[in-house]
Amino acid sequence: MSCEDQIYSNDYYDLIIDRESSGRPDISGFCIQPIDTRFYALYIPREGSPELNISNYTFSAIPKCYTLSDQSALEASGILKVQNQPTLALKGNGVLLGFIDTGIAYTNPVFRNSDGSSRIAGIWDQTIRGNPPEGFLYGSEYLQDVINEALLAEDPYTVVPSRDENGHGTYVAGVAAGGRDAANDFSGAAPEADIAVVKLKQAKQYLREFYFIPDQAVAFEETDIMAAVYYLWRLASKRNQPLVICLALGSNMGSHDGTNPLAYYLGDVAIRQMCAVITAAGNEANARHHYLGSLSEEMEYDQVEISVGAGVTGFTAQLWAGAPELYSVTVMSPTGEIVPMVYPRTGERKVYQFIFEETVVSIDYRVVGISSGDQLIYIRFEKPTRGIWSIQVYGNNYLTDSYHIWLPNSSFLSGEVVFLRSNPYYTVNVPGDARAVITVGGYNTKDNSLYIDSGRGYTVNQYIKPDFVAPAVEVYGPATRAGIYENRTGTSAAAAVTAGAAGLFMEWVVLRRGAANINTVQIKNFFIRGAIRDNGRTYPNREWGYGRLNLYDTFDALREYNR
């Protein structure tokens, strides 16, 4: 079977390998997809390989799954002033805005120049086989000349068959970089920027089954997202253009401290010259999927209660604790049956079949991270009985006395699964926990109130996230059909608005001022200086970060700074 066949086949496991890890496998005879200089994806046959679990493979090696962070924004963000101010008159010209999402409706006029030619520099459609980009093993690439050829054809899709069946990618790209449509009173934030798109393929079935992800849910693999980032970086480098990457995706899978492979890689790209990486904070603050636990020496255990509704096929719970904390757990079913104590020995794995339920519970203990030594207790509930499940958490060391548990994102659950005593903080989705990237929460421009579901900080290692907020409620953007627009709500919209603002700022800094050394961290700091901070509220804070995005005030602050 060819390497391309293996990448699409459910008969092969996809693994993320860190070249600097001490536990690298022997890769001779296996297919690998390089992802920049540090990581690569390894494809191994499922037949004859150990069962997929975090004891047989490291937690970092098994790709996590990510879902969409979906939902007058430009005026509230100070972008219209920057577009229309005579001296600035910024439109994103010469900057490449890259989107990793569900694809793009490339025939839509908002992505075309006034002469009808395309503003899209390239599309890598991972779902279409046969014409991969240079250096990649799968998918099909369509560069600007081919897209223009398609636009002149009677049926464009006979030349470039890539479509956005979902509409999320088209909307996000349109809000960030859609062209002016006066008849429908629409303009994207950077209406003259060049555009690059990666349409992600859906996660393999074996991963969906491992994480209990419903068939109808949109789910993307970490390996494919990392490869997409690498593709956008290579394309911008070839074109010698400043790059803004917009990633309106998120997941609860991971430690929420910026150390999982995708977050680490994004952090690495974010500090490169002429690059800005924008991520959405996610929409999990109000989902009741985070638990903040604590223990004292006087407590025998902390009882964590999870309400499981009808029709839930399965779910996972990830308990994370920073070194040197050590915890052990038992699990009690709604009928009172208890899993025997599992002691915190790294690599320990127990599988328990409940007698009075059909439920199978597996518990894995791992120490994750060579430098950090954090503890992960990974619990899988297969066919959980409806009712209240309890995780009893026992402490072994008492220093910080706290730990976190995360349940999956709402769209990855087949029914209601919530903590009875949930905590709305530490709900910024991965990879928004990466320190160097710009992580954007959401607010409502109508009354300047916080968008209730916007992911809240901080990270578990107390980095300030979100960095700031942008419009996220009823934001106007294009649908896949030409001339059709819709309002969406979610931090995807906030990330798109911010990506467009970053494109305008890049145009001014790099292309007009020649400061090619600019990176995400510096752009973030400039945006923070210009953010609107309301009286009576202390900043930074867990909900608003450093305030509300305002690009015009960023330039105003820059003017004051240069005096």
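Residues numbered from 1 in each chain as written. Predicted model: local features only at pLDDT ≥ 70, side-chain atom pairs only at ≥ 80, totals over all residues. Heavy atoms only, no water.

With that out of the way, let us pick up helix α7 (residues 222-239). Helix length check: α7 (18 residues) gives 26 Å between terminal C-alpha atoms against 26 Å at 1.5 Å per residue, within 8%. Of all 18 residues that make up α7, 14 are buried, and the element is covered over most of its length. Note on α7: the residue one or two positions beyond its end, Asn240, has a positive phi of about 55 degrees. (Helix = DSSP H or I, 4+ residues; strand = E, 2+ residues; numbered from the N terminus. Expected span 1.5 Å × (residues − 1). Buried < 20%, exposed > 50% of the residue type's maximum accessible area, 1.4 Å probe, protein only.)

Okay, the nonpolar core next. Ranked by size, the top nonpolar core spans 72 residues in total, and within it Leu97, Phe99, Ile104, Tyr106, Val244, Phe527 and Leu551 carry the most contacts. Setting aside chain neighbours within four positions, we find Val244 in contact with Val95, Leu96, Leu97, Gly98, Ala276, Ile278, Ala499, Ala502, Gly503 and Met506. Counting 47 residues, the second-largest nonpolar core is a separate cluster that includes Tyr66, Leu200, Ala236 and Leu243. (Core = buried A, V, L, I, M, F, W, Y, C linked by side-chain atoms within 4.5 Å. Contact = heavy atoms within 4.5 Å.)

Bringing the environment of Val331 into the picture now. Among the secondary structure elements, Val331 is positioned in strand β16 (residues 327-332). Along the sequence, Val331 and Gln392 sit 61 residues apart, while their C-alpha atoms lie 6.2 Å from each other. Leave out the neighbours within four places in its chain, and Val331 touches Glu337, Ile338, Val339, Phe354, Val361, Ile363, Ile379, Phe381, Trp389 and Ser390.

If you trace the four strands from one edge of the open sheet to the other, you get β16-β20-β14-β22, paired in antiparallel fashion. The open sheet has two edge strands with one neighbour each: β16 and β22 (417-419). Here the average twist between neighbouring strands, direction ignored, is 25 degrees. (Pairing = 2+ DSSP bridges. Axes fitted to C-alpha atoms, helices over the stretch in contact; angles between N-to-C directions.)

Right, let's talk about the environment of Leu200 for a bit. Note on placement: Leu200 falls in the loop between β8 (194-199) and α6 (205-210). Along the backbone, Leu200 and Pro471 are 271 residues apart, and their C-alpha atoms lie at a distance of 25 Å. Excluding its chain neighbours within four sequence positions, the residues that come into contact with Leu200 are Ile100, Asp101, Gln126, Thr127, Phe220, Asp224, Ile225, Ala228 and Leu249.

This next bit is on helix α8 (residues 261-270). Most of α8 sits out of view: eight of its 10 residues are buried. When we look at burial in α8, the residues that qualify are Pro261, Leu262, Ala263, Tyr265, Leu266, Gly267, Val269 and Ala270.

Our next topic: the packing of helix α9 (residues 491-512) against helix α10 (residues 520-530). Between two packed helices, both the angle of their axes relative to each other and the distance between the axes serve to describe the pair. At their nearest, the axes of α9 and α10 sit 11 Å apart, and the two run at 105 degrees to each other. In terms of orientation, α9 lies roughly perpendicular with respect to α10. Counting all contacts with α9, which are made through Thr498, Ala501, Ala502, Phe505 and Met506, the residues of α10 involved are Ile523, Phe526 and Phe527. Taken together, the residues of the contact of α9 with α10 break down into seven nonpolar, one polar and no charged. (Parallel < 35°, antiparallel > 145°, perpendicular 65-115°, else oblique. Nonpolar A, V, L, I, M, F, W, Y, C, P; charged D, E, K, R; others polar.)

A few words on the packing of aromatic side chains. Taken as a whole, this structure holds 33 aromatic pairs when the rule is applied. Centroid distance Phe210 to Tyr211: 5.0 Å. Interplanar angle 70 degrees. Geometry classified as edge-to-face. Relative accessible area serves as the criterion here: at 6%, Phe210 is assigned to the buried category. You can call Tyr211 buried: its relative accessible area is 3%. One aromatic cluster is present, formed by Tyr8, Trp124, Phe136, Tyr138, Tyr230 and Tyr231 through successive ring pairs. Here the guanidinium or amino end of Lys81 rests over the ring plane of Tyr552, the centre of that ring lying 4.9 Å away. The ring centre of Trp233 lies 4.9 Å from the NZ or CZ of Arg272, which sits over that ring. (Phe/Tyr/Trp six-rings, centres within 6.5 Å; stacked < 30°, edge-to-face > 60°. Lys NZ or Arg CZ within 6 Å of the ring centre and 35° of its normal.)

What follows deals with the sheet that holds strand β4 (residues 65-68). Strand order in the open sheet made by the three strands is β9-β4-β11, with antiparallel pairing throughout. With partners counted over all chains shown, the strands left at the sheet margins are β9 (220-221) and β11 (249-250), one partner each. Bridge count for β4 against β9 is two bridges, and the pairing is antiparallel. Bridge assignment links Tyr66 to a residue of β9, and that residue is Phe220.

In total, this model carries 19 salt bridges according to the counting rule given. Of the charged contacts in the structure, one is a salt bridge between Asp18 and Arg38, with a shortest N-O distance of 2.8 Å. Remark: Arg38 occurs in the loop between β2 (31-35) and β3 (39-45) and Asp18 occurs in strand β1 (residues 12-18); sequence separation between them is 20 residues. Of the residues examined, Asp18 reaches a relative accessible area of 19% and is grouped as buried. As a salt-bridge pair, Lys199 and Glu165 come within 2.7 Å of each other at their nearest N and O atoms. (Salt bridge = Lys/Arg side-chain N within 4 Å of Asp/Glu carboxyl O.)

Direction vectors running N to C along helix α5 (residues 168-177) and α9 enclose 40 degrees, while the axes themselves pass 7 Å from each other. In terms of orientation, α5 lies oblique with respect to α9. Classified by chirality, the crossing of α9 by α5 is right-handed. Residues His168, Tyr171, Val172, Val175 and Ala176 of α5 lie in contact with α9, whose contacting residues are Ser492, Ala493, Ala496, Val497, Ala499 and Gly500. Grouping the amino acids of the contact of α5 with α9 by side-chain chemistry returns eight nonpolar, three polar and no charged. (Left-handed = near helix turned anticlockwise from the far one by under 90°.)

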